[in-house]
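Residues per chain, in single letters:
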Amino acid sequence: MEIEDYIAEKHVGGSLLSILRRLEAQDSRSVCALIEAINPSANTLRGLLDLVYEICRRDARKLHEVLALPVVHDVVRHEKLSRKEKQKALRIELEALRYPQMNSVRCKINAAQQELLRQFGLRVEAPKDLEGDTLTVRLSVRSLNEFADYAEKLKLLSRHPAAGEMFKLLRGE
Amino acid sequence: MPERVFVVGDAAEDVVAQRVLSRLGAVEVVNLDSDDDPLRAPSGAGAGEESSHISLGKRWLMLKRYRGKWLKGCPGTLGHVCCNLWVVNPGEGCPLDCTYCALQHYFRRNPTLKLFTNTGEMLKEIEQRTSAEPRRRFRICTGELTDSLVFDHLTDLSLELVPLFARLPNAVLEFKTKDCEVDNLLTLRHEHGGKTVVSWSVNAPEVVEQDEALTASLEQRMNAAALVAEAGYRVGLHFDPLVFYPGWKEGYCATIRYIFSRIDAENIAWISIAPLRYHPEQQEIMLRRFPESRLPLVENFLAKDNKLRIFQPLRFEMLRFIWKELHAVRAGMPVYMCMESPAAWRSIVGGPPLAGTELAEIFSRSACCRV
């Protein structure tokens with residue numbers, strides 16, 4: 001597929017059109033390969049390229065160099081993922097490249113959350129966007145005994161290192 | 001120095017306008033009937049057109065009368081702890097060119113620099129308002145919508161403001177600047193009465209070098225700070241914005257060490273610390289106007305107040321680090337966080353700033369105590 005075919009097929013206009021028409025040869029080939037692999041809508045492609053360009057600018061890299069990174073390449077060439085799944089997975093990988101520290105904190109919080117869920121059957125949620133200092137636990141009970149069970153679990157949970165870790169991560173400690 | 005000056009209608013009769021024009025010397029002067037900005041962007045103008053107008057606007061100057069209310073509360077930001085600063089704006093826009101400056105977005109459709117020529121009315125309003133509420137402590141800053149001192153050699157406004165505040169029992173004046181223009185202030189060493197605080201915006205050396213075009217160097221700022229401190233003024237510092245970059249800890253430590261090698265910590269009236277935050281539309285302006293800057297590429301997210309902010313764990317790490325470094329210089333250093341969440345105060349300081357509204361009161365009181 002050529003870039004012009006994609007432009008015509010998706011009726012690409014506005015800023016994406018000028019981005020696609022300004023691509024250097026090697027970048028253009030990489031974007032064509034990406035389009036073939038994931039068949040994105042114009043909006044989806046624009047969102048992905050915005051992330052790619054920000055990474056390029058921050059790291060002083062060319063667009064085709066970012067698209068050739070193993071984490072990106074592995075998603076695009078994955079044999080078992082559908083095109084939609086590849087689009088979603090690619091966005092996650094690009095966001096992890098664009099926001100490495102945020103991604104690292106999120107991964108650690110998720111790990112702590114999973115540990116608490118596994119040990120106590122309680123889902124401890126971090127605040128939206130990691131903004132705030134409040135963890136949330138939601139309980140549903142059918143009896144007073146269940147209340148008592150949860151009270152015991154919460155007591156144990158409060159002493160578990162994973163719970164303390166979640167607070168520390170939120171506070172940037 | 002501006003390349004072109006626009007004088008609007010009756011502003012030409014004002015002493016301030018005549019003083020500015022005489023000091024500018026040979027400059028193109030255009031008289032206007034309308035006070036519309038000559039660079040006013042048409043509705044629907046794109047970021048490209050706006051960006052080029054912003055750059056041109058920094059070289060044009062409009063002299064006009066201000067028609068609105070002068071003294072206002074700082075708008076603060078939704079859901080964040082506010083220090084209850086009051087602001088007056090003797091002008092709008094700034095000839096300095098910092099990559100992160102909020103004014104380039106705020107005035108993107110009206111980017112010509114402006115100086116108001118009826119500042120006598122501003123002084124009257126300050127006096128009337130503060131005397132009408134004698135029990136309230138006012139900390140009033142002139143540096144919200146422009147640099148407080150960058151035009152002082154043209155306007156001499158400080159020569160009127162400083163003596164006025166010396167007479168006001170319940171108000172403190174704050175100049176906030178990145179310039180080193182303090183000649184007028186030094187002539188008032190016996191008249192300021194300890195009621196004027198001269199504040200400098202400071203940053204890590206790498207940020208000053210790469211993201212604060214046309215400003216005085218950190219050394220020049222601290223030279224000026226040392227001079228005003230020697231003249232009996234108290235000094236404020238604003239670590240704003242705190243910028244994340246590789247090596248930020250070393251950079252900010254170097255700045256703190258340098259500052260306190262030049263100024264006695266006892267002369268500090270207050271220090272604010274505030275991580276980078278800006279309106280999302282400003283991102284496009286920054287990327288266009290400063291293609292070399294890495295600053296728009298930090299790890300930020302769109303917060304509830306519709307500003308891009310550094311994500312909390314990193315933001316808190318930065319705030320905690322600077323907070324500790326400043327308190328290591330002096331245990332009781334009057335540091336506050338500007339536009340931060342209650343969670344930040346709990347996590348970094350251990351509690352809210354003395355039940356909220358007292359923060360401004362404390363700072364005003366501590367400055368007044370020097371009288």
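Calculation notes
Residues numbered from 1 in each chain as written. Chains lettered and ligands numbered in written order. Predicted model: local features only at pLDDT ≥ 70, side-chain atom pairs only at ≥ 80, totals over all residues. Domains from an automatic or database assignment. Axes fitted to C-alpha atoms, helices over the stretch in contact; angles between N-to-C directions. Helix = DSSP H or I, 4+ residues; strand = E, 2+ residues; numbered from the N terminus. Parallel < 35°, antiparallel > 145°, perpendicular 65-115°, else oblique. Left-handed = near helix turned anticlockwise from the far one by under 90°. Contact = placed C-beta atoms within 7 Å. Nonpolar A, V, L, I, M, F, W, Y, C, P; charged D, E, K, R; others polar. pLDDT = per-residue confidence, 0-100. Pairing = 2+ DSSP bridges.

**Q** Go over the domain arrangement of chain A, please, and point to the residues and values.
**A** Along its sequence, chain A is carved into domain 1 (3–98) and domain 2 (101–170). Taking the mean C-alpha position of each, domain 1 of chain A and domain 2 of chain A sit 37 Å from one another.

**Q** Lay out the packing of helix α9 (residues 218–230) of chain B against helix α10 (residues 248–262) of chain B with the relevant residues and their values.
**A** Residues and elements named next belong to chain B. Where α9 contacts α10, the axes come no closer than 9 Å and their chain directions differ by 30 degrees. The pairing of α9 with α10 is recorded here as roughly parallel in orientation. Once α9 is placed against α10, the crossing between them reads as right-handed. Two secondary-structure elements touch here, α9 through Leu-218, Met-222, Ala-225 and Ala-226 and α10 through Thr-255, Tyr-258, Ile-259 and Arg-262. By residue class, the composition of the contact of α9 with α10 is six nonpolar, one polar and one charged.

**Q** Tell me about the confidence of the model for chain B, residues and numbers included.
**A** All names here are of chain B. Confidence in the prediction for chain B averages 91 pLDDT; 93% of positions are at 70 or higher. Under a pLDDT of 50 for its full length, residues 365–371 has, in the predicted model, 13 contacts with residues more than four places off or in other chains. Both scores are available for the predicted complex, with the pTM at 0.90 and the ipTM at 0.88.

**Q** For the sheet that holds strand β6 (residues 91–92) of chain B, give the residues involved together with the corresponding values.
**A** Residues and elements named next belong to chain B. The strand order β2-β1-β3-β8-β6 describes an open sheet built from five strands, whose pairing is mixed. Each edge of the open sheet is held by one strand with a lone partner, namely β2 (28–32) and β6. In the packing of helix α1 (residues 15–24) onto the sheet, the strands contacted are β1 (4–8), β2, β3 (60–64) and β8 (113–116), and the crossing angle to β1 comes to about 160 degrees.

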